[in-house]
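Understanding the architecture of this molecule
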Amino acid sequence: ILNVEQSPQSLHVQEGDSTNFTCSFPSSNFYALHWYRWETAKSPEALFVMTLNGDEKKKGRISATLNTKEGYSYLYIKGSQPEDSATYLCASLDRGAQKLVFGQGTRLTINP
Amino acid sequence: DAMVIQNPRYQVTQFGKPVTLSCSQTLNHNVMYWYQQKSSQAPKLLFHYYDKDFNNEADTPDNFQSRRPNTSFCFLDIRSPGLGDAAMYLCATSRGQLSSYEQYFGPGTRLTVT
């Protein structure tokens, strides 16, 4: 059974500080890794889809890295702003299971 | 704007009373998914459609059914809701199956069972 773990489960960060959190997934049968941001009362929206080992993607102040050999991805937020408060979900696409398997998410709160 | 719409956003039903959740999309995507998310847990795939082909997850209870009458609409039917079915239900779409395409989500329907 494919198991995707995210840590920490929740995080409080002061506005202006940078932060990062982790997604761990099984490295065998890996196909793709997705990151989504889910703001309260809104739809989850895709941040990144990553497939290659060593890949690094960036969108504004948010970036992500991928290590498929050891089975982890980091999401970084530089200079956190209140609008970054959300739950960040990662999901691994497994060739065998043929579906996205999500982690529990990291709930990020930015304190003004 | 192209989007995924779910109605209603909040649904209250009684124990054992059938309920239907709806999802529509204007993206013309081939694949539509239904996920269940219980409090503080990971979203869990219930089933998905690739065009008209229905794919049920092995551990999805028989109590949960789905219909996709056309490309745009997909419904989740819960035949006899139990207290354990209270959850957020998310609908999503994507261009392809088993691909690196991102999924597009609706805002979810929060189901309460009394």
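Everything quoted here is computed from the prediction, not taken from an experiment.

Once that is clear, we can look at the interface of chain A and chain B. On the side of chain B, 20 residues touch chain A, which itself brings 22 residues to the contact. Summed over both sides, the interface of chain A with chain B buries roughly 1700 Å², with 63% coming from carbon and sulfur. Taken together, the connections running from chain A to chain B amount to 1 salt bridge. Only strand S4 (30-38), strand S5 (45-50), strand S9 (86-94) and strand S10 (99-102) of chain A provide two or more residues apiece to the side of chain A that touches chain B.

All names here are of chain A. Taken together, 5 strands build an open sheet; the order of strands is S1-S3-S8-S7-S6 and the sheet is antiparallel. At either margin of the open sheet sits one strand with a lone partner, and together these are strand S1 (5-7) and strand S6 (56-59). For this sheet, the mean inter-axis angle between neighbouring strands, taken without regard to orientation, is 15 degrees. Inspection of the sheet shows S1 paired to strand S3 (residues 19-24) by 3 bridges, in the antiparallel sense. Bridge pairing in S3 places Gln6 opposite Cys23.

The next point concerns the pairing of S9 of chain A. Residues and elements named next belong to chain A. S9 sits mainly inside the fold: 9 of its 9 residues count as buried. Sheet topology note: the S4/S9 ladder contains 8 bridges and is antiparallel. From the neighbouring strand, Leu33 faces S9, where its bridge partner is Ser92. Pairing of S9 with strand S11 (residues 106-111) involves 3 bridges; the strand directions are antiparallel. Its bridge partner being in S11, Ala86 is matched across the sheet by Leu108. As paired strands, S9 and S10 are joined by 4 bridges and run antiparallel to one another. In the sheet register, Leu93 faces S10, and the bridge partner there is Leu100. Linking two consecutive strands that pair antiparallel, namely S9 and S10, is a turn of 4 residues; a positive phi of about 55 degrees is found at Gln98 within it.

Two cysteines form a disulfide when their sulfur atoms are joined by a covalent bond. This model, assessed by the stated rule, comprises 2 disulfides over all chains. Across a sulfur-sulfur distance of 1.9 Å, Cys23 of chain A and Cys90 of chain A are joined as a disulfide pair. Between Cys23 of chain A and Cys90 of chain A, the S-S torsion sits near 75 degrees, and that sign places the bridge as right-handed. Of the two residues, Cys23 of chain A is situated in strand S3 and Cys90 of chain A in strand S9; the sequence distance between them amounts to 67 residues. Comparing Cys23 of chain A with Cys90 of chain A shows no difference in burial state: the two are buried. One disulfide in the model links Cys23 of chain B with Cys91 of chain B; its S-S distance is 1.9 Å. The S-S bond linking Cys23 of chain B to Cys91 of chain B shows a torsion near -70 degrees; that makes this disulfide left-handed.

Attention shifts here to the sheet that holds strand S1 (residues 4-7) of chain B. Residues and elements named next belong to chain B. Sheet architecture is open: 4 strands sit in the order S1-S3-S8-S7, paired in antiparallel fashion. If you trace the sheet from one side to the other, it starts and ends with S1 and strand S7 (64-67), each paired once. With strand direction ignored, the average angle separating the axes of adjacent strands in the sheet is 20 degrees. With 6 bridges joining them, strand S3 (residues 19-25) and strand S8 (residues 73-78) adopt antiparallel strand pairing. The residue of S8 that forms the bridge with Val19 is Ile78.

To continue, consider the layout of surface pockets. In this structure, the largest pocket spans a volume of roughly 630 Å³. Lining of the largest pocket is provided by 26 residues; of these, Trp38, Thr87 and Arg107 of chain A together with Gln37 and Arg110 of chain B occupy positions nearest its centre. Those elements that place two or more of their residues in the lining of the largest pocket are S9 and S11 of chain A. Split into classes, the residues belonging to the lining of the largest pocket amount to 7 nonpolar, 13 polar and 6 charged.

How each quantity is defined
Residues numbered from 1 in each chain as written. Chains lettered and ligands numbered in written order. Predicted model: local features only at pLDDT ≥ 70, side-chain atom pairs only at ≥ 80, totals over all residues. Heavy atoms only, no water. Contact = heavy atoms within 4.5 Å. Buried area = accessible area lost by both parts, 1.4 Å probe. Salt bridge = Lys/Arg side-chain N within 4 Å of Asp/Glu carboxyl O. Helix = DSSP H or I, 4+ residues; strand = E, 2+ residues; numbered from the N terminus. Pairing = 2+ DSSP bridges. Axes fitted to C-alpha atoms, helices over the stretch in contact; angles between N-to-C directions. Buried < 20%, exposed > 50% of the residue type's maximum accessible area, 1.4 Å probe, protein only. Disulfide = S-S within 2.5 Å. 1 Å grid on protein atoms, 1.4 Å probe; cavity = no way out; pocket = protein on both sides within 12 Å on 5 of 7 lines; lining within 4 Å. Points joined across faces, edges and corners; volume = space filled by probe spheres on them. Nonpolar A, V, L, I, M, F, W, Y, C, P; charged D, E, K, R; others polar.

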